[in-house]
Amino acid sequence: MQFKLFALINLCLLPFFAIAQSDSILPVVQYEKPVEYEIGGIRVLGAGYADPNALISLSGLKVGQKIRIPGQQITKAIQTLWNLKLFTDVEIVRERTQGNLVFLEIKVKELPRYMRHAFKGVKKNKHDDLNDVVNKYIQKGAILTDNNKSSLKYAMENFYIDKGYRNAQVAIKSYPDERSTNGVRLEFIIDRGKRVKIKDITFTGNEHVKARVLRKKMKKTTRTRKFFKKSKLVRKEYDEDKEKLETYYNNLGFRDARVIKDSIWRDPKGKIRIHLTLEEGHRYFFRNISWKGNTIYETKYLNQVLGIKKGDVFNQELLSNRLSFSQDGRDISSLYLDNGYLFFRVDPVEIAIENDSIDLEMRMYEGPQATIDRVIIKGNDRTNEHVIRRELYTRPGDKFSRSDIIRSQREIINLGYFNQENLGINTPVNPERGTVDIEYTVEEKPSDQLELSAGYQPAVAGFSNRGNIIGTLGVTFNNFSARNIKNKETWNPLPQGDGQRFSLRGQSAGERFQSYNISFTEPWLGGKRPNSLTLAGFFNRYSNGYGSGAGKLDIIQGTVGYGTRLKFPDDNFVFRADVDIQTLKLNGFPGFSDDRGNSVSDGIYHNYNLGLTIARNSVNDPIFPKSGSTISLKTQMTPPYSLFNKKSSAYYDTTSIRNLYRYVEYIKWRFDAEWYTPVVGKFVLKTSTKIGLLGKWNKNAPLSPFERFQVGGDGLNNQNFGFNGQEIISARGYEAQNESGKVNGIMSEVGNGRVGAGVFSKYTVELRYPISLNPQSTIFVTAWAQGTNAWQSLKQYNPFDVRRAAGLGLRVFLPMFGTLGFDYGFGFDRPDLVGKKAKLKDYGNFNIVLGFEPD
C-alpha cells in the first residue's frame, strides 16, 4: 500500500521537475552521447598568483580546438593542472554555448602563500640565526605545504639539538595574513628545554692508551667536567671524533685499531652516557726503508731528511708529513720542489709485512726541472702592479721554488693592502714545455687610517693646576702615490696605488699643548731596489700654565731616513740610517735635569744625531703574528763635541748650563726582540725583551738631561705630553709618574720621576688567543706577565731586579683606526703599597691603547 502511494506522488510531481529543469541556466550534459564543440574562449577564475595565460597554455586547451564534451581532453587538462601542486581544487566548467562554440571556465583554488613569520619562546638575539633556518627552506611568496612545515619543524629542532638541546620541541601555527590575499603568517612556538649534557664517556678494549688520553682526543664531544667547553652531543662531530680516535691509534703504530661498537643512552637524570668498544690490534714498527728512482740526491741524504729509523713506531701521519709538506720544511718534497723539480712524485709502497715489522720502498719520479714562464697578478684594482711585483721572489725565467712562493705570499701580506684570507696562489703547469705559471689573486682592503679622538689630561703637580681637553686629528695614507697627484682618477680621497706612506697629524690642548707632524716614505727609491727614503718633520709646543708667566717648551725637528734590505746573513735583515736635526727652546719650563742634579729650564739646545738600525723580521702576519720573530739593534749618537774641545775640563763647567748643553751630546742604544710561537690550537705565545741605555762619549761629562727614558703608564704621547724630549716606555700595571704627582709608578725608584732614567729593561710573556681574524676587524685577547725597571746609570743596572705585573688585555685592529684596546694589570711592586696591607684591587691599573701598540 505504501509503495503504491509513493509511486502516485512521484507521478504527480514529475511535470514540476521537468519545468524546473527546463528553466535552469546550467547546460544539460548527456554523458551517454558526447557532443563535439569548438572552443570559442577560455578564462581562468581564482588565480591570484599564477599567470592565467600560463595556466591555459599548460592545460593543453586552446581557442579553436575541437573537443568532445564530455571527453578525455577535459579530464587530461584537469589532471595536468592538478599535477602542478599549486592548487587545492581544479575545475573546468562550461560557461555557455553558441551553436557549436563552447566557452570554458577554469576554476582554481590556490594553495596559501607564505608571507612572514614570528617566533615565540626565544630571545631576540637568536632571531637572526633562526631566520637563516627559515630562509633556507622557504622564501617569501612561496607556496606553503605540509611538507614545508615538516621540513621547517625538523630543521629548527635540529638547530637546537646541535647546540645540545636534545629535548627541543617546535610547533608551527599558521594564520591568514591580513596584509595580503591568500597569504599565510606562520608562528613558530619554540621550547628548547634544558641543555642535555654528556655525563661520561667510557671505553673498553683500550689496553695501551688511558681513557683520559682518549677523551682529550675527542675535541668536540666532551664531558661536563671540561671548563670553557660546552658539553653536547652532535652526531656529525661525534663521528668525526671517533675517526680521530682511530687516527691517534694509527699514529701510535696500531694501524688496525678500530671503534667496533658504541652505545649512547640517557641515564635516569636525563644526561647522556657514551661507551665505546675499541679493538687496538697489533703494534707495528718501521723496518727497512729503501729508495728507488733517486738520481739527484743520495739515499743516505734522503734517509737523513726523512728522519725515520729502523725500529721506530709506524706512524702514517709522520711518514706523510716527512714525504710532503711538513710544517717545519723538513720533508722530501720541499727538497725537490725548492730546486725546481715541480713534477716530482714519491709513492711509499709496503713491500713486506712480517709479524710487527713493515718494509717500505720509496718509488720516486724526479722529472725535469720546471722554469717559471709567467707571473700573473689579479684583483689589484687600486694598487699598481709594480708595487706587488717588486715584492715577489718568483720571477720569469727562474727555477720553480716552493719556498720562494711562500716567501712571496708573506711579503704580499706584509704590505697590508690585501685581505690575507682571500689571497690565492695558482700554479698552472705546461708539462710539454716544462714551464709553470704563477698566478697571485689578491683582494684589496682598506689600508688608510684615521685618528680622531678626544681625551682629558688631568692637572700635573708643579706644572699646571687644572686639566685640559685634548683633541687629536690624524690621517695616514699607506698606499699613497705622489706621481699621480695630477691624475684625478686615482684620488680616493688622495692619489693612491704606489705603496708610498703619507701621514698628517695634529693634536692640541689649547695653550698647554700643541703638536703637528708630517711624514712621507718612499719604500722603493728609484723603483729598482728596496731602498726606502723617509722625510718627516714635527713641531711641538708645551706649557706648564696659562698666560704670559707660563713656562714653555718648543721642539722643532726634521728627519731624513734611508733604509735598505740586506742579503747577508739572509734577506730578512734590513739596515736603516736616520739623521735628526732637533732644536729645543725652553723658557722657564722645568722637567729636565742631568745626573748631577743640574736643572735645565731655559735656553736653546740643539740635538743633532745619527741613528743606525739593523733589524730582522720574519713574522708571518703583521697584525696577528703566529710564528717568527722581530729583532732590532739601534744606536743613536750625536757628534762627540767634547772630544773636539782641547779644554775638556772647562767644557764641563756647570756654571753655565746653557753653554754646557747647547749642543746635546750622548750615545744611545736600544735592543728589542720579540718571538712568536704557536702553542696549542689557536694560542700563540709572545715573548719579548726590550733594553735601553743612554751613555756619553766622555766619562767626565754629565749624562744628558734629554733623550732619557720615561718608564710607566700606557706609553701614549697624548697622555704624557708634558715630558717630551724623553723616550716614553709603557709599563702595564703601573701609572706614568707625571700624573698628578703620584708615586705608584716605576720611576719613583730612580729619584725624581721627571728626570727620567739612563737605563731601562722590560721583559714580557704574553699568551694570545684570536677571537676574530677577519681582516676588517681582527680581535684577540691576551694574558700577560711583565717585568720592568729603570735605573739612573749602567752601574746601578741589574737585569734581574724588575717590577712585576700581570693581567689581561684586549686588542681590536680596525684598518681605518689601527690598534685599539686596553690592559688591566696588577703592579705587584708598586712603591706606594710597599709595607702596607693592601687588597688585590689596590694593585690594579687600567691602560689604554689607541692607534698603535705602545713601546
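No experiment lies behind these values; they were computed from the predicted model shown. (Residues numbered from 1 in each chain as written. Predicted model: local features only at pLDDT ≥ 70, side-chain atom pairs only at ≥ 80, totals over all residues. Heavy atoms only, no water.)

Judged by nonpolar contacts, the single largest core of 27 residues is most densely connected at Leu553, Leu586, Phe592, Val600, Tyr605, Phe706 and Val711. For this core, the secondary-structure elements that each account for two or more residues are strand 23 (552-565), strand 24 (573-593), strand 25 (599-617), helix 15 (657-660) and strand 29 (709-711). Element by element, the count of residues in this core is highest for strand 24, at four residues. Excluding residues within four positions of it along the chain, Leu586 makes contact with Lys552, Leu553, Phe592, Val600, Ser601, Asp602, Gly603 and Tyr605. (Core = buried A, V, L, I, M, F, W, Y, C linked by side-chain atoms within 4.5 Å. Buried < 20%, exposed > 50% of the residue type's maximum accessible area, 1.4 Å probe, protein only. Helix = DSSP H or I, 4+ residues; strand = E, 2+ residues; numbered from the N terminus. Contact = heavy atoms within 4.5 Å.)

By the burial criterion, the buried members of helix 8 (residues 299-306) are Leu302, Val305 and Leu306. One face of helix 8 carries all of its buried residues, which in axial projection span an arc of 100°. The exposed residues of helix 8 that point more than 90 degrees off its buried face are Lys300 and Gln304. On the buried face of helix 8, the contacting elements are strand 11 (285-292), helix 9 (316-323), helix 10 (332-337) and strand 13 (357-365). In the stretch just after helix 8, Gly307 is the one whose phi turns positive, near 70°. (Arc of directions from axis to C-beta.)

Attention now goes to the packing of aromatic side chains. If you walk through the whole model with that rule in mind, you get 22 aromatic pairs. On the numbers, 6.1 Å between centres and 75° between planes, the contact of Tyr160 with Tyr165 is edge-to-face. Grouping residues by exposure puts Tyr160 and Tyr165 together as buried. Between Tyr824 and Phe826 the ring centres are 5.4 Å apart and the planes differ by 90°, which places this aromatic pair in the edge-to-face class. By the ring-pair criterion, three or more aromatic residues cluster together here, those being Tyr297, Tyr301, Tyr336, Tyr341 and Phe344. Stacked on the ring of Tyr284, the Lys or Arg Arg255 has its end atom at 5.6 Å from the ring centre. For the cation-ring pair, Arg732 lies above Trp784, with the distance from its terminal atom to the ring centre recorded as 4.6 Å. (Phe/Tyr/Trp six-rings, centres within 6.5 Å; stacked < 30°, edge-to-face > 60°. Lys NZ or Arg CZ within 6 Å of the ring centre and 35° of its normal.)

Relative to strand 26 (residues 628-637), strand 25 is paired through eight bridges, and the arrangement is antiparallel. Note that in strand 26 the partner of Gly611 across the bridge is Gln636. (Pairing = 2+ DSSP bridges.)

In this section: the confidence of the model for the protein. For the protein, the average pLDDT comes to 84, and 86% of its residues sit at 70 or higher. Predicted confidence is poor over residues 717-723, with pLDDT under 50, and the contacts of this stretch with residues over four places away or in other chains come to 25 contacts. pLDDT under 50 marks residues 748-754. Its contacts with residues more than four places away, or in other chains, come to 19 contacts. (pLDDT = per-residue confidence, 0-100.)

Let's shift gears to unusual backbone geometry. Here Ile69 and Pro70 are connected by a cis peptide whose omega angle stands at -10°. Relative to the helices and strands, Pro70 is located in the loop between strand 2 (66-69) and helix 3 (72-82). Omega for the bond connecting Phe568 with Pro569 falls within 30 degrees of zero, at 0°, which places this linkage in the cis form. Of note, the phi angle at Asn182 is positive, near 60°, even though the residue is not glycine. With respect to the helices and strands, Asn182 occurs in the loop between strand 6 (169-176) and strand 7 (183-191). Exposure remark for Asn182: the relative accessible area of 32% places this residue in the partly exposed category. For Asn355, which is not glycine, the phi torsion reads 55° and is therefore positive. Residue position: Asn355 is located in the loop between strand 12 (345-354) and strand 13.

Listing the buried residues of helix 3 in full gives Ile74, Ala77 and Leu81. Down the axis of helix 3, the buried set is contained in an arc of 60°. They therefore lie on one face. For helix 3, the exposed residues lying more than 90 degrees away from the buried face are Gln72 and Lys76.

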